[in-house]
Structure formats: C-alpha cells, structure tokens
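Okay, here's what each chain looks like letter by letter:
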Amino acid sequence: MDLGIKGKKALVCASSKGLGRGCAESLAEAGVNLVMNARGAEALEAAAAEIRAKYGVTVETVAADVTTEEGRAQLLAVAGQVDILVNNAGGPPPGMWTDWERDDFIAALDANMLAPIALIKALVPHMIDNGWGRVVNITSVSVKAPIAVLGLSNAARAGLTGYVAGTARQIAPKGVVMNNLLPGLHATDRMVNLDTAASQATGKSFDEVRAEKAASIPAGRYGTAAEFGATCAFMCSQFAGYMVGQNILLDGGATNTTM
Ligand code: NAP
C-alpha cells in the first residue's frame, strides 16, 4: 500500500532498537527520509546502515539523549525542519509508590512528558507553515489502565496525554495531525529487562514469567516492533488526516475495555 508520504522527512526519536526502530523501518519502507536518534552511537549507526541499504532512503543519525536540552539541541541542529515527528524515549524504572521522590518524578516528567512537548513546540510551527504534518507520540497502555509498578510512567504519560488532547485540536485546522500510539506488551529489549526484574522478584524463571504474561493477552503473545511500526507509519500517512488527538492502543486485546 502506498502511504502517500514518499520523500517526506521524519525525525524518529529513540530509534536504534525496539518500538522506535520499528517505526523508523516502516516509515523508511514508505519512502520517508529519516533522522534517527539514540544515545549509543554503535547500535544507532548499525541500524541506520541497515535501513539505508534496505530501503534506499536518506538516514541521518544523532547520538544524543533526547531527554536533555543539549541532546534535543543536537537533534534539532541536524534535523532542521521535518514533516513527521515520532516522539519516543526510554521508559522510567519500575518500583513501589514509596520508592519515588521528587527527583524521580522530575526525571520521568523530563523524559516522558516535557521532552516530547519541547520537540512538538520546536517542529510543529514549520509543519503549520507547510499546511501538512504528522506527530505520533509513543506512550503506553498505562495511560488507559495503570501498571502499578510503573507509577512514574503512569504519571508522566498521563500528563503528556492531556497536553496532546488539547494541542491536537489546536493544530488540526492547520493540517497537522497529532495522535498517541499506546504499546501494550511488545517483545523488545525493555521487555526483557522488565521480565527479568519480574523473574527475580517472584523466583519464577524468565520463561515462566513470559508464558504467564503471554497467556493473559487475548492474542496469546507479545506484539512485535514491526507490527507497531506499521501502525505508526499508517498514523503518519496521507490516510490519517481525520484521526485527531486519538490514543491508539496496540495490546493484543489485553486491556479489557469496550472503548
Ligand atoms: P527498548 O527496546 O529499550 O529501546 C529503546 C530505544 O530508545 C533504544 O534505541 C535506546 O537506545 C533509545 N533510547 C532510550 N533512552 C533514550 C534517550 N534518553 N535518548 C535517546 N534515545 C534513547 O525500548 P522499547 O520497548 O522500544 O520502548 C520504547 C518506549 O515504549 C519506552 O518509553 C517504553 O517505556 C514504552 N513502552 C514499551 C512497551 C513494550 O512492551 N516494549 C510497553 C509499553 C510502553 P540507547 O539506549 O542507545 O539510547
């Protein structure tokens, strides 16, 4: 399917691995030129080289921490103006509600709320000038249904979701479409870390933890980065122009809600 975005330029944050990488791949497959980002240069360069070779698009790289002002300044200096922004960063660590102090919340807000807002503010004005743009914010299923051990994520992402809900409606009349994409359980490095922590906390083996969690999902399995990326690319496509301020849940049916 031609998504109608060949030749556009996208900044995909936190994209050397996992869900961000899935988004970068699917956008590249649609003919979109990329600016990719991660902190670690080695994995980032390897991912960029693979994508260039496979899809023939231009891929620029910026090894920087997107959650810091300096990192974002580096990103914006290389990216310049873009047509598509995919906001992403690592998620906060798990814990108990008693663990978290002010500094922990500030770090989570910086990473998962204020960093995407800063990039929206920096890049959407040019999209408005062009009369066309797409923003996808990778958030989490925790926005719809809290994950108790991820209290920092629940809090910071709910804040971003509130901001996006209003802002998406302010920029929609200018041709800029902004939505959130909410991952449930996906088989990425982060999920290996979380499942390892669960295995250590419960004394169950890693495989047991995985099997139990997969069995709790109606689809019977974890999602893949490729499936996630394909949905992201659709949300960045010409066909998503009437999808405004939505929270698209990709969780294999795990969240038991009617709407
Ligand atoms: P992942 O497999 O650990 O990949 C994270 C990617 O982001 C890597 O490329 C990493 O590279 C980069 N990154 C992390 N922190 C960064 C930073 N501060 N600045 C720039 N790049 C950064 O994680 P994932 O599973 O794809 O998760 C992506 C997001 O979705 C996270 O916020 C996570 O909480 C959320 N999420 C994931 C799931 C899931 O099932 N996987 C479910 C719900 C929510 P470097 O380490 O080299 O920077």
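About the thresholds
- Residues numbered from 1 in each chain as written.
- Predicted model: local features only at pLDDT ≥ 70, side-chain atom pairs only at ≥ 80, totals over all residues.
- Heavy atoms only, no water.
- UniProt positions renumbered as here; feature names shortened; annotations may be inferred.
- Phe/Tyr/Trp six-rings, centres within 6.5 Å; stacked < 30°, edge-to-face > 60°.
- Lys NZ or Arg CZ within 6 Å of the ring centre and 35° of its normal.
- Near = heavy atom within 4 Å.
- Polar contact = N/O pair within 3.5 Å; in protein donor to acceptor, adjacent residues only side chain to side chain.
- Areas by Shrake-Rupley, 256 points an atom, 1.4 Å probe, with all protein chains shown as cover.
- Helix = DSSP H or I, 4+ residues; strand = E, 2+ residues; numbered from the N terminus.
- Nonpolar A, V, L, I, M, F, W, Y, C, P; charged D, E, K, R; others polar.
- Domains from an automatic or database assignment.
- Contact = heavy atoms within 4.5 Å.
- Buried area = accessible area lost by both parts, 1.4 Å probe.
- Salt bridge = Lys/Arg side-chain N within 4 Å of Asp/Glu carboxyl O.

- Looking at an unreviewed UniProt entry, the chain carries the name Oxidoreductase, short chain dehydrogenase/reductase family, with the source organism given as Celeribacter marinus.
- Per UniProt, the chain carries the Sequence similarities (unreviewed entry) text "Belongs to the short-chain dehydrogenases/reductases (SDR) family."

## A closer look at the packing of aromatic side chains
Then, in step 1: Counted under the stated rule, the structure contains one aromatic pair.
Then, in step 2: Here the basic side chain of Lys8 rests over the ring of Trp132, its NZ or CZ set 4.1 Å away from the ring centre.

## Here's the deal with the site of the ligand
Then, in step 1: If you check the shell around the ligand, you find 29 residues, and the closest are Ser16, Arg39, Ala89, His186 and Thr188.
Then, in step 2: Residue Arg157 places a side-chain N or O atom 2.8 Å away from an oxygen atom belonging to the ligand.
Then, in step 3: In the complex, 90% of the free accessible area of the ligand, which totals 890 Å², lies under the protein chains.
Then, in step 4: If you list the elements that add at least two residues to the shell around the ligand, you get α1 (18-29), β2 (33-38) and α6 (189-202).
Then, in step 5: A class-by-class count of the residues in the shell around the ligand yields 10 nonpolar, 13 polar and six charged.
Then, in step 6: Residue contributions to the shell around the ligand reach at least three from each of two domains, namely domain 1 (9-184 + 225-249) and domain 2 (186-222).

## With respect to the domain arrangement of the chain
It is common to give the size of an interface as the accessible area lost on bringing the parts into contact.
Then, in step 1: Here the chain is described as being made up of domain 1 (9-184 + 225-249) and domain 2 (186-222).
Then, in step 2: Spacing between the C-alpha centres of domain 1 and domain 2 amounts to 25 Å.
Then, in step 3: Taken together, the contacts link 11 residues of domain 1 with six residues of domain 2.
Then, in step 4: Carbon and sulfur atoms make up 53% of the area that domain 1 and domain 2 hide from each other, which totals about 710 Å².
Then, in step 5: At the junction of domain 1 with domain 2, the criterion picks out two salt bridges.
Then, in step 6: Inspection of the region where domain 1 meets domain 2 yields four residue pairs in polar contact (both at pLDDT 80 or more).

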